[in-house]
Structure formats: C-alpha cells, structure tokens
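# Structural overview for review
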Amino acid sequence: MNRTYYLVLFLLGMGLTQVSVAKLNIFACEPEWASLAKTLGGDQVTITAATTAHQDPHRIEPRPSLIAKVRRADLLVCSGAELEVGWLPMLQRQAGNRKVLPGQVGYFEAAEQVERLGIPKQVDRSMGDIHASGNPHVHLDPNRLLTIASALSERLKTLDPSNAAHYRSRFDDFTSRWRQALKRWQRIAKPLKGARVVVHHQDWDYLFDWLQIVKAGSLEPKPGLPTSAGHLVKLRQALIQEPAGAIVYTHYQSPKAANRLSQLTGIAALELPYTVGGGEGVTDLFSLYDETLKRLLKVIP
Amino acid sequence: MYFHISIATALLLALCSSAVVAAEGGGFNPAISLILDGRFTSYDNGTDYELPGFMLGGEAGRGEEGFHLGHNELAISANVDDMFYGKLTAVVADHEGDTEVELEEAFIETLALGHGLAVKGGRFFSGIGYLNQQHPHAWDFSDAPLIYRGLFGDQLRDDGLQISWVAPTEHYLKLGGEITRGERFPAGGASRDGKGAGSLFVKMGGDIGESQAWQIGLSHWQADIEDRTSGGHHHDGAAAEIPTYSGDSQVSGIDFVWKWAPDGNASERNLKLQAEYFIRDEEGTVVMDDGSDTPETSTYNGKQKGWYLQTVYQFMPRWRVGLRYDRLESDNRGSDEEVLSEAGLDDEGHTPERLTLMSDYAHSEYSRLRLQFAKDESYEDADNILTLQYLMSLGPHGAHRF
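Residues numbered from 1 in each chain as written. Chains lettered and ligands numbered in written order. Predicted model: local features only at pLDDT ≥ 70, side-chain atom pairs only at ≥ 80, totals over all residues. Heavy atoms only, no water.

### Examining the overall build of chain A
Secondary structure assignment for chain A yields 10 helices and eight strands. Here the C-alpha coordinates of chain A stretch approximately 85 × 40 × 35 Å along the principal axes. Taken over 301 residues, chain A has a buried fraction of 54%. A separation threshold of at least 6 residues defines the contact pool for chain A, and within that pool the share at least 24 residues apart is 64%. Only carbon and sulfur atoms are counted for the fraction: they give 53% of the accessible area of chain A, which is about 13,500 Å². (Helix = DSSP H or I, 4+ residues; strand = E, 2+ residues; numbered from the N terminus. Buried < 20%, exposed > 50% of the residue type's maximum accessible area, 1.4 Å probe, protein only. Contact = heavy atoms within 4.5 Å. Areas by Shrake-Rupley, 256 points an atom, 1.4 Å probe, with all protein chains shown as cover.)

Take a look at the structure:
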C-alpha cells in the first residue's frame, strides 16, 4: 500500500515537473512556417516541420508519423487556403487532438491573416486544381509575411501567456530586422520591375505581385496538371512573340519541363528556393529572400 | 438493405438541389462526392465461379462479363457541429436488371473528444486489416485480394460502435475495438441480442529517414454466428440447397505497408509495398437447407488462411504499374465430409492462387484509367481475366488514408 502511494506521488511529481517545463509544441505544415515560429518562439517552443523543401505541400501522404505528431501538438501553423486540403484534415481527424482542430486557438492559418490573390469567381475542376479561397503561397510577399508574423506572435501569447514578454521582444526584434531587410530588398530588386518570367506552378504570384514581375506563362497547362508536349509548343510560340527573362521552378518540381522549354526558346531555366531549405544557405526567411533575389538578378540584370 | 429505384431517384434529385444551394451560398457544406466506376471485363471461362474451401458471401464473385458498371457511389459528409462528423455513402448498382441503392456506410464520428480518443457509430468499414477501411475506388487493383473475397465477401462492414485511441507517443500507436450487430456476412443472425461480433486492432507506424514510411497492424475479429447463409447473390438462385453455418468464428490478421518516394516527394515517382495475412478458425455446424424438416447436417471445424503481396510503382507522373500475388489454403473437417463438400468447403485438393498485373493512368488526381490482367487459378479451371476500368471522382474528395 505504502509503496503504491509513493509510486503515485512520484508519477504525479513527474507529471507536474513536465508541465512546468513543457514547451509549446508546434507542428508547422511547411518549412517557412517552422522557420517563422522558431524565430518568434525561440527556446520556448519545440517545432516539427511536417514537410521539407523537397516535398510538394499539395501532395503529402497522411503518414503514421505525422498523425503521431499532430496528436501531441499544441499549435498547428499552416498555409491554409486549401493548400493542405489533401492531407491535413485526414491528420486532424485521425489524431484525436481537439486543441488543433479548425476554429480552435491551436490552429493557425497564415493565408487567413492576409488578403489573398487569385480568388476565383467560380470553381470548376476543368480549370485545374484551383483553390476557392485564393492562392495559398502567401509567404513570398514580405509585407504579408510581416502581418502573418504579427498574428502568429499574438497567437503564441494567447497560448502561452506566461511567456508573453518573451514573445513580444522576439517579435519586435524580428520586425525591425525584417523592415531593414525589406528596404535593402526593394533597393536591389529594382531591375526586376516589369520583367517577364515563365513559372512552373502559381507558387510565385505573391513574389511577382510585390516585385511587379509579369507572369509570361505557366508550364502547367492548368494548375496542378503536369505539362505536355503540346502545351510547351504553344508556350514557345507565345514566347517568340513576346520573350521572357527566365523560366522558374523550384526544388520539389521536376526540372525537365523547364529545361525543355529553355532548350526550345533559349530562355534561362532557373531554380528558386521557394522555401526555407530549398537551396544552399537558405536557412531562414531572410536568406530565402536574399537568395531568391540574387538568383533572379543573375539572369535578369 | 436495398430500396427501390424511385426512392433512389428522389434521393439523387434532393442531393442535386442541395448541391446547387450549397454552391450558390458559396459554401461546401455538406461535401457531396460522386465516384463513377465503369468496366469492361473478358473471361476465358464461362463456368460459375467458386473458391474451393470457402463459402462465398457478401459481394464476393468474379463480376460480370463484357461492359458493365462497377462500384458507383455517392457520398455526403460534413461536420455536423463542433463535436460530430457524419458521412453517408450510397452505392448505386444494377442487380439482376433492377437499379438498386445500397447503404454502404452511414456513420457519425466524434471530432473533439481529445486525448486521442474517437468514437464512431453506425454502419462503417471495420478497422481490421489494411485494405478493409479503404473504399474500392482507392484500391490499387480493380478487385479485392482473394483472402478478402474468401473471408469477408470482399470487405468487412457492420453496424455498431468503434472506439479508438491514439497514444501520445513519439511513434504512431493506435488501439481500437469494435462491437457490432453481427448480421452481415461473414457473421450472421445478429446473435447475442444484436451484438454478435466484435474486433480489436492495433496499428503502429513511422518513418525511416525522409524517403520511407511504414505501418504494421494486428487485428482480431470474433463472431457468434447463427445461420450464415452463403452462395451470395451472385449465384442465379438455381441451387435448391442453401448451405448455412452456425457456430463460432475467429479471424486473426497481420498487415504491413511500406511506401517510398525520393526525398518523400511522391509526385514524380513512388513505390508502395503491401502485404496481409489472415487466418480463420471456425467451429460449429453446417446445415444444407433444402426446405425439408430433416436437412443434411455436419459438424464443422474449419481452418482457412491466405495472404497476398502487392507492389505498385509510379514510374513517372500519371503512370503506375502494379503486381499482386494471392494464395489461399484451407483445412476443413467435419462429421460428414460429403455435406462439407456440397457446401463448397472441400478444397478439392486445389490451392487457390492468382497473379495480377495492373497499369493505370491518372490524368489528374480525380480521374484514372486502368488496365488489369489476372491469371486466376483460384478454382480448378484456370482463367485469364482482362479488365479495363475507369474511375472518376467528382466533387470535393477528401484525402485517402495512408
């Protein structure tokens, strides 16, 4: 009896110490949000990124390991706007963790914090894999990113009020560094204004909107559909009429289509990092923008 | 659970009108999804299908010849409120010239119990095995593995309650249990006051690096069976004697799936390997019901087992190839071997096996065209089966399970 009593006390004690040192457990759907959460949360949060820069965030298997991670999460940080519609709802339904369900404070959708581009007037599958709530690739506009960072920081404070001062100071630090970097990016990116660029998928709409780059065509005939030989021929003809400065794609997309069009037209094919981890030295959001601009400026001087 | 065509039409019309309202409202609640499945099949054999050593029931059979419709289904699902999720799936099929609607699934599931717990109630596919919970449109081949055909009549589903729990551990661990009515094949009679069957299952899984993921499952199903008839609805009803089984039934299984994609990016290339093994023990009585007062009877002690191994490889976007091997074995004994033989429980010295090749093309993630060839030696007359199939998905369609 006595022994049982001590065992219970011991377990209770273990439980209590665990609670007092437990960090906020964050499940980030994509690497860009893992990076932002790390910057804003510092050592008060533990972060798991569900995907890497090598994986297409539209197409992720709802793997057992991801269910286990969602089960233990305090907060999900995702792009939203239906980017993860093919896998996240399945994870949420299977994990049995009510803290992170839609509408709960433990579910944060980045795209919901900002105005979105490309909201279709009507949705029809013949138009390809389009998102009714607009383009979800919001992290490639630095202004929108700041709005999202502010909302995410507020969310961290709500979930973990005892560390509110810590989160506030980290956000202030991030904001001032981001604003400085933004000035620098705007200055060096001037030559890109008005440039015409062919894309693989509509990943770059926000980046182009910010830099005033003109989208000269898309390798996917419809969003989400693989390219075809016939489509490349059409693109080539359009590009002869009105040339472009680059054909961009990212790590998780096969470079074949971009290289083929590059051969057909002589326009440079260019891999851009797209997200954190998508290129050498791209270790956070700052280096993501630095590297993206550097690579674009190399082919569009 | 069939109801008449006019009700089916009314249901469809009601759905269409509600879909229009939902679209106009700009919302997607409830989600309505339609699966279209059509086939052309050619067989070398014209004989009636049988699976020596197994009493067939449920959906089991080899399917129709020539052009025919497959598994066309309409599903409506939505979160009911912040606590419950609900789903109904109706299968619309032609059955001996009549169009019928079968209620395939109708269940509710808790959303927000928390602590890894979930409760499901209604009619649902059992959580045992790997393939059992997947809808036929998510299968990699156009038909079920032989062991699913032999034991479950293609798939095990029943009316009841399921409780499952996901452990808060580093690795995925899920425990589940079900208690169900026990009226549908392979149970029968809704014994124990309508709680005649039950199951337990465990699933574990994880990743190996970035490129590989695996899951392993163990399951057990048990039922007290009263008068399970077999012969299914695929026979033309000419048989005067209907074999029925009463007694105890225990099924145990192990399932394994492993997936690979370079860097975990499955959109270009990916590989899936899956295998399941089931064993069934039955002890009871077989009666050849011929309508008389003194039908032929035998004690029955049945041992049936089987496995399949399949692999599917997507070698470029849109294109996949697959290979499957099936094998069954049975050792059924009883007081009157002749009765067992009439009931189809004699393996006739034959080991059922089948080799299936598949290739499919998905224009988008919503459309798929499939060509399948099977060398079917599941009964004594070896058959070559060629199947051409389309599978299309309309409307919002949620993610498939791992």
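There's more to say after this.
### A closer look at the overall build of chain B
A count of helices and strands for chain B gives four helices and 18 strands. Here the C-alpha atoms of chain B give a radius of gyration of 21 Å, agreeing with the 21 Å that 2.2 N^0.38 yields for 402 residues. C-alpha atoms of chain B, sized along the principal axes, occupy 65 × 50 × 45 Å. Evaluated residue by residue, chain B yields a buried proportion of 49% over its 402 residues. In chain B, once contacts between residues fewer than 6 apart in sequence are set aside, the share between residues at least 24 apart is 65%. Entry remark: accessible area of chain B is about 17,700 Å², with carbon and sulfur atoms responsible for 59%. Put simply, chain B has 30 plus and 65 minus side-chain charges, and the middle of one group is 7 Å from the middle of the other. (Rg over C-alpha atoms; globule rule 2.2 N^0.38 Å. Lys, Arg positive; Asp, Glu negative; His and termini not counted. Charge placed at Lys NZ, Arg CZ, Asp CG, Glu CD.)

### Overview of the domain arrangement of chain A
Residue and element names in this part refer to chain A. Structurally, chain A comprises domain 1 (21-184) and domain 2 (189-299). Counting residues at the interface gives 35 residues for domain 1, matched by 25 residues for domain 2. Here domain 1 meets domain 2 over a buried area of about 2,700 Å², counting both sides, of which 61% is carbon and sulfur. Among the residues of domain 1 in contact with domain 2, Ala 53, His 137 and Leu 140 are the three that bury the most area, contributing 23% of the side total. (Domains from an automatic or database assignment. Buried area = accessible area lost by both parts, 1.4 Å probe.)

### A few points about the pattern of salt bridges
When charged atoms on two side chains of opposite charge get close, those side chains can pair. All names here are of chain A. For the coordinates displayed, the defined rule picks out 37 salt bridges over all chains. Arg 144 is paired through a salt bridge with Asp 209; the nearest N and O atoms lie 3.9 Å apart. With a gap of 65 residues between them, Arg 144 in helix H5 (residues 142-159) and Asp 209 in helix H7 (residues 205-211) connect regions that are remote in the sequence. Judged by its relative accessible area of 13%, Arg 144 is buried. What makes Asp 209 partly exposed here is its relative accessible area of 42%. Close ionic contact of Arg 295 with Glu 291 constitutes a salt bridge, the shortest N to O distance being 2.9 Å. Of the two residues, Arg 295 and Glu 291 are both situated in helix H10 (residues 285-299); the distance of four residues between them amounts to about one turn of the helix. The same class applies to Arg 295 and to Glu 291, which are both buried. (Salt bridge = Lys/Arg side-chain N within 4 Å of Asp/Glu carboxyl O.)

### Notes on the nonpolar core
Ranked by internal contacts, the top residues of the largest apolar core, which has 60 residues, are Val 248 and Leu 296 of chain A. Formed jointly, this core draws a minimum of three residues from each of two domains, domain 1 (21-184) and domain 2 (189-299) of chain A. Look past the residues within four positions of Leu 296 of chain A in its chain and what remains in contact with it is Leu 192, Leu 207, Leu 211, Ile 213, Val 248, Leu 270 and Leu 272 of chain A. Core analysis: the second largest hydrophobic core is formed by 35 residues, Ala 223, Tyr 245, Leu 340 and Leu 345 of chain B among them. (Core = buried A, V, L, I, M, F, W, Y, C linked by side-chain atoms within 4.5 Å.)

### With respect to helix H6 (residues 164-188) of chain A
Residues and elements named next belong to chain A. The first and last C-alpha atoms of H6 sit 36 Å apart over 25 residues, in line with the 36 Å expected at 1.5 Å per residue. Here H6 has its buried residues at Ala 164, Tyr 167, Phe 171, Phe 174, Thr 175, Trp 178, Ala 181, Leu 182 and Trp 185. In this structure, the buried residues of H6 make contact with strand E1 (24-28), helix H2 (31-41), strand E2 (45-49), H5, H7 and H10. (Expected span 1.5 Å × (residues − 1).)

### What to know about the pairing of strand E7 (residues 117-125) of chain B
Residue and element names in this part refer to chain B. Judged from the four bridges that link them, strand E6 (residues 98-110) and E7 form a sheet pairing that is antiparallel. When the bridges of E7 are listed, Ala 106 appears paired with Arg 123. The antiparallel pairing of E6 with E7 creates a hairpin that spans six residues between the two strands, and Gly 114 there sits at a positive phi of about 75°. As judged from the nine bridges shared by E7 and strand E8 (residues 157-166), these two strands associate in the antiparallel manner. Within E8, the position partnered with Val 119 by the bridge is Ile 163. (Pairing = 2+ DSSP bridges.)

### Side note on the environment of Arg 333 of chain B
Residues and elements named next belong to chain B. Along the chain, Arg 333 falls in strand E15 (residues 319-333). Distance from Arg 333 to Met 288, taken between C-alpha atoms, is 16 Å for residues 45 residues apart in sequence. In this structure, Arg 333 is in contact with Thr 299, Tyr 300, Asn 301 and Leu 340, ignoring residues within four places of it in sequence. Within the structure, the side chain of Arg 333 is placed 3.0 Å from the side chain of Asp 331, a separation counted as a polar contact. (Polar contact = N/O pair within 3.5 Å; in protein donor to acceptor, adjacent residues only side chain to side chain.)

### Looking at the interface of chain B and chain A
Opposite the 47 residues of chain B that make contact, chain A presents 31 residues. Counting each side, the surface lost to burial between chain B and chain A is near 3,300 Å², with a carbon and sulfur contribution of 50%. The interface formed by chain B and chain A includes four salt bridges. The partner of Glu 170 of chain B in a salt bridge is Arg 72 of chain A, with the nearest N and O atoms 3.6 Å apart.

### Topic: the packing of H2 of chain A against H6 of chain A
All names here are of chain A. Running from N to C, H2 and H6 point in directions that differ by 120°, and their axes come no closer than 7 Å. Considered as vectors, H2 and H6 are oriented oblique to each other. Along its contact with H2, which presents Leu 36, Lys 38, Thr 39, Leu 40 and Gly 41, the element H6 presents His 166, Tyr 167, Arg 170, Phe 171, Phe 174 and Arg 177. Within the contact of H2 with H6, the residues separate by chemical class into five nonpolar, three polar and three charged. (Axes fitted to C-alpha atoms, helices over the stretch in contact; angles between N-to-C directions. Parallel < 35°, antiparallel > 145°, perpendicular 65-115°, else oblique. Nonpolar A, V, L, I, M, F, W, Y, C, P; charged D, E, K, R; others polar.)

### Points about the state of the cysteines
All names here are of chain A. Tallied over the full model, the rule gives one disulfide over all chains. Here Cys 29 engages in a disulfide with Cys 78; their sulfurs sit 2.0 Å apart. Given an S-S torsion of about 50°, the disulfide between Cys 29 and Cys 78 has right-handed geometry. One end of the pair, Cys 29, is in the loop between E1 and H2; the other, Cys 78, is in strand E3 (residues 75-78), and 49 residues separate them in sequence. (Disulfide = S-S within 2.5 Å.)

### Overview of a nonpolar patch on the surface
Residue and element names in this part refer to chain B. Taken together, the side chains of Phe 40, Phe 67, Leu 323, Leu 355, Leu 357, Leu 371, Phe 373, Leu 386 and Leu 388 define a hydrophobic patch exposed on the protein surface, amounting to about 840 Å² of accessible area. When contributions to the nonpolar patch are tallied by element, the ones reaching two or more residues are strand E16 (353-364), strand E17 (367-377) and strand E18 (383-394). With respect to the secondary-structure elements, Phe 67 resides in strand E3 (residues 66-69). (Patch = residues over 30% accessible without salt bridge, like charges linked within 9 Å, V, L, I, M, F, W, Y side chains within 5 Å.)

### Considering the sheet that holds E2 of chain A
Residue and element names in this part refer to chain A. The parallel open sheet is built from four strands, whose spatial order is E2-E1-E3-E4. Two strands bound the open sheet, and with one partner strand each, they are E2 and strand E4 (107-109). If you compare each strand with its neighbour and ignore which way they point, the axes differ by 20° on average. Summarising the sheet, E1 and E2 pair through five bridges and their orientation is parallel. Of the residues in E2, the one forming a bridge with Asn 25 is Thr 46.

### Quick notes on the sheet that holds strand E5 (residues 196-199) of chain A
Residue and element names in this part refer to chain A. Spatially, E6-E5-E7-E8 is the arrangement adopted by the four strands of the open sheet, whose pairing is parallel. Of all strands in the sheet, those bounded by a partner on one side alone are strand E6 (214-218) and strand E8 (269-272). Here the strands of the sheet are splayed against their neighbours by 35° on average, with no regard to which way each runs. Here strand E7 (residues 246-250) runs beside E8; their pairing, made up of four bridges, is parallel. Within E8, the residue paired with Tyr 249 across the bridge is Glu 271.

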